[in-house]
Amino acid sequence: MDLEQIRQLSARDMAEVDRVVQERLRSDVLLINQLGLYIINSGGKRLRPLLVLLAARACGYAGPHHVPLAAIIEFIHTATLLHDDVVDASDLRRGRDTANAIWGNEAAVLVGDFLYSRSFQMMVEIGSMRIMEIMAQTTNTIAEGEVMQLLNCHDPDTTEARYLEVIRSKTAKLFEAAARVGAVLGEQPSQIETAMADYGMHLGTAFQLIDDVLDYSADSTETGKNIGDDLAEGKPTLPLIHAMREGTPAQVELIRQAIEQGGRDHIDAVQAAIESTGAIAYTAQSAREAADKATQALEGLPTSQYKDALYALAEFAVSRTH
């Protein structure tokens, strides 16, 4: 099952999610409508809302609440993107100008805040204290992850353990929440809820590690990003951390300076160091191990086409090229 087949399985539900997203983005403030629609329609993969839909169906849920929950997850993800681009001073995402590049940092931050608050309005309407608890903890952890990443920026002494903690908090936590709320909606026992959360956490980790691989190896026309964008921002991701661990003293010094200074001045030499130390293969293997853990977590679920789709989603996370 490829990504298109996975999407087809949830096409009707996803169409409803899109309707809810458009409806709940509306505001009397014109700028919120313009900026919100711009980033929501900017060509993202929509994996996180898709995960809510698949997890809920795989856990036997047949009610209506998985649709607004998927929209909530998408709003929270979009808010983090808006804030991320401001913090990183990014002017390009998915091959398009970022919202902050068009409307300014102030507008991007404030519309991100609007999306967060609209998400919690929608959670109140669902009326589940358990879901409120999960999402409140999730958004708090994501904020902590953002701050941890900020502390790691331009720090060449960032360890693999510290970096993985950032991934789990900043990126994988929302995947974890998406899968967990599906189990909560399906009224699954605690062990299944935990297993689904584990699936989401490992899936999100694999997804981010492949992003790290693609940052140094992908075709920029496919990703909409420039090679070495993370390095330009001084972010010590796993390929760099591994290359510093395995490289020659000259390579280590080169990468240290590149992280400390940011920019792309030495990107070709850094890429050569990454390739010669096997850092891309190491990071890809780490992603594969995370994806394998994700699929193992699904073993307790009953057989269904939705469970098959969750398996396929883990495979997509590590086999994608953009």
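Preceding block: the structure.
Calculation criteria
- Per chain, the residues get numbers from 1 upward, laid out in the order the sequence is written.
- With the structure being a predicted model, the display of local features is reserved for residues of pLDDT at least 70 and the display and counting of side-chain atom pairs for 80 or more, all residues being used for whole-chain, interface and lining totals.
- Excluded from the side-chain calculations are hydrogens and water; all other atoms, namely the structure's heavy atoms, are used.
- To define a nonpolar core, start from buried Ala, Val, Leu, Ile, Met, Phe, Trp, Tyr and Cys residues and group those joined through side-chain atoms within 4.5 Å.
- Type-normalised accessible area, obtained with a 1.4 Å probe on protein chains alone, sets the label of each residue: buried when under 20%, exposed when over 50%, and partly exposed for intermediate values.
- Starting at the N terminus, helices and strands are each numbered in turn, a helix being any DSSP run of H or I of at least four residues and a strand any DSSP run of E of at least two.
- Contacts were defined at the residue level, with two residues in contact if any of their heavy atoms lie within 4.5 Å.
- What counts as an axis is a line fitted to C-alpha atoms, over the stretch in contact for a helix, and the angles between N-to-C directions run from 0 to 180 degrees.
- Oblique is the label for any angle not under 35 degrees, not over 145, and not in the 65 to 115 range, which are roughly parallel, roughly antiparallel and roughly perpendicular in turn.
- Any two rings among Phe, Tyr and Trp, with Trp reduced to its six-membered ring, count as a pair given centres within 6.5 Å; such a pair is stacked if its planes are under 30 degrees apart, edge-to-face if over 60, and tilted if neither.
- In this analysis the charged atom, NZ for Lys or CZ for Arg, is taken to sit over a ring once it is within 6 Å of the ring centre and within 35 degrees of the ring normal.

Of all hydrophobic cores here, the largest spans 74 residues; its most connected members are Leu 51, Met 135, Met 196, Tyr 199, Leu 310 and Leu 313. No other element matches the 12 residues that helix 5 (residues 66–87) contributes to this core. The contacts of Leu 313, once residues within four sequence positions are left out, are Leu 3, Ile 6, Leu 47, Leu 50, Leu 51, Leu 54, Tyr 199 and Leu 203. Counting 14 residues, the second largest nonpolar core, distinct from the first, contains Tyr 216, Leu 231, Val 270 and Ile 274.

For the rest of this paragraph, the subject is the packing of helix 13 (residues 238–246) against helix 15 (residues 267–276). Contact geometry of helix 13 with helix 15 gives a least axis separation of 9 Å together with a crossing angle of 70 degrees. When the axes of helix 13 and helix 15 are compared, the pair comes out roughly perpendicular. Contacts between helix 13 and helix 15 involve Pro 239, Leu 240 and Ala 243 from the first element and Val 270, Ala 273 and Ile 274 from the second.

In this section: the packing of aromatic side chains. Scanning the entire structure with this criterion turns up two aromatic pairs. Relative to Trp 103, the ring of Tyr 38 has its centre 5.3 Å away and its plane inclined at 75 degrees; by these criteria the two rings are edge-to-face. Of this pair, Tyr 38 sits in helix 3 (residues 30–40) while Trp 103 is found in helix 6 (residues 99–103), placing the two residues 65 residues apart along the sequence. Residue class for Tyr 38 comes out buried when judged on its relative accessible area of 18%. Look at Trp 103 and you get partly exposed, because its relative accessible area is 27%. Geometrically, the ring pair formed by Phe 175 and Phe 207 is tilted, given 5.6 Å between the ring centres and 40 degrees between the ring planes. Of this pair, Phe 175 sits in helix 9 (residues 160–185) while Phe 207 sits in helix 10 (residues 190–217); the two residues are 32 residues apart in sequence, bridging distant segments of the chain. When sorted by exposure, Phe 175 lands in the same class as Phe 207, which is buried. Across the ring face of Tyr 38, the terminal group of Arg 96 is positioned such that the distance to the ring centre comes to 4.1 Å.

Functional significance is not addressed by these values, which are geometric in nature.
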